[in-house]
Amino acid sequence: MLLALVSLLSCLLPSSEAKVYSRCELARVLQDFGLDGYRGYSLADWVCLAYFASGFNTAAVDHEADGSTNNGIFQISSRRWCRNLTPNVPNMCRLYCSDLLNPNLKDTVICAMKIAQEPQGLGYWEAWRHHCQGKDLTDWVDGCDF
């Protein structure tokens, strides 16, 4: 009886299946979403950003001292871009931060594109500024079949 109850409950609970992408797998997905050349940034820029932000992990969450979080493969901040438990935040991407943890990257990519439209572009991300900006990034997509 207990086993049946546990099985039933596991079906009712939402699955938050994490995905850690491989470099080329992520490059293909991001290319399919149209990120190659978006706002002047190469596909390699986006792949480099994802690696240094989260290690290609869709379920990555970084908790900040002020209670905000950085979420998902691009570590998008709840301070401005998504809604978590903090009231009165701008929520510019109009989604819950938990939506950014989905292995299906649609919501994440749409939000990242919105951030890239800001004057800083990918410079919004410290990880991109420190590890990707101004560097030869060809290795990030080298050998990937598109």
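Residues numbered from 1 in each chain as written. Predicted model: local features only at pLDDT ≥ 70, side-chain atom pairs only at ≥ 80, totals over all residues. Heavy atoms only, no water.

(A) Spatial organisation of unusual backbone geometry. Despite not being glycine, Asn91 shows a phi value in the positive range, around 55 degrees. Mapped onto the elements, Asn91 comes out in the loop between β3 (76-77) and α4 (106-116). One non-glycine residue with positive phi stands out, namely Arg94, at about 55 degrees. (Helix = DSSP H or I, 4+ residues; strand = E, 2+ residues; numbered from the N terminus.)

(B) The arrangement of the packing of helix α2 (residues 23-32) against helix α3 (residues 43-54) in detail. For the pair α2 and α3, interaxial distance at closest approach is 10 Å and the crossing angle is 125 degrees. Relative to α3, α2 is oriented oblique. α3 is crossed by α2, and the crossing has right-handed handedness. Where α2 approaches α3, its residues Arg23, Leu26, Ala27, Leu30 and Gln31 are matched on the opposing element by Leu43, Trp46, Val47 and Ala50. For the contact of α2 with α3, the residue count by class is seven nonpolar, one polar and one charged. (Axes fitted to C-alpha atoms, helices over the stretch in contact; angles between N-to-C directions. Parallel < 35°, antiparallel > 145°, perpendicular 65-115°, else oblique. Left-handed = near helix turned anticlockwise from the far one by under 90°. Contact = heavy atoms within 4.5 Å. Nonpolar A, V, L, I, M, F, W, Y, C, P; charged D, E, K, R; others polar.)

(C) Quick look at the side chain of Thr108. Within the fold, Thr108 resides in helix α4. Residue Thr108 is classed as buried on the basis of its relative accessible area, which comes to 0%. Polar contacts involving the side chain of Thr108 include one to the main-chain carbonyl oxygen of Leu100, which spans 3.3 Å. Ignoring any residue separated from it by four or fewer positions in sequence, one finds Thr108 in contact with Ile73, Phe74, Ile76, Asp99 and Leu100. (Buried < 20%, exposed > 50% of the residue type's maximum accessible area, 1.4 Å probe, protein only. Polar contact = N/O pair within 3.5 Å; in protein donor to acceptor, adjacent residues only side chain to side chain.)

(D) Broad picture of the environment of Asn71. With respect to the helices and strands, Asn71 occurs in strand β2 (residues 69-71). Owing to a relative accessible area of 3%, Asn71 belongs among the buried residues under this scheme. Dropping the residues within four chain positions of it, Asn71 is found in contact with Ala60, Val61, Ile76, Ser78, Cys82, Cys97, Leu100 and Leu101. Among the polar contacts made by the side chain of Asn71, one reaches the side chain of Thr69 at a distance of 3.1 Å.

(E) Inspection of the pattern of salt bridges at higher detail. Tallied over the entire structure, the rule returns three salt bridges. The shortest N-O distance in the salt bridge between Lys19 and Glu25 comes to 2.9 Å. Glu25 sits in the partly exposed class, given a relative accessible area of 25%. Between Glu118 and Arg80 there is a salt bridge, with its nearest N and O atoms 3.2 Å apart. Note that Glu118 is positioned in the loop between α4 and α5 (126-131) and Arg80 in the loop between β3 and α4, a separation of 38 residues in sequence. Residue classification places Arg80 among the partly exposed positions, given a relative accessible area of 32%. (Salt bridge = Lys/Arg side-chain N within 4 Å of Asp/Glu carboxyl O.)

Any link to function would need more than the numbers given here.
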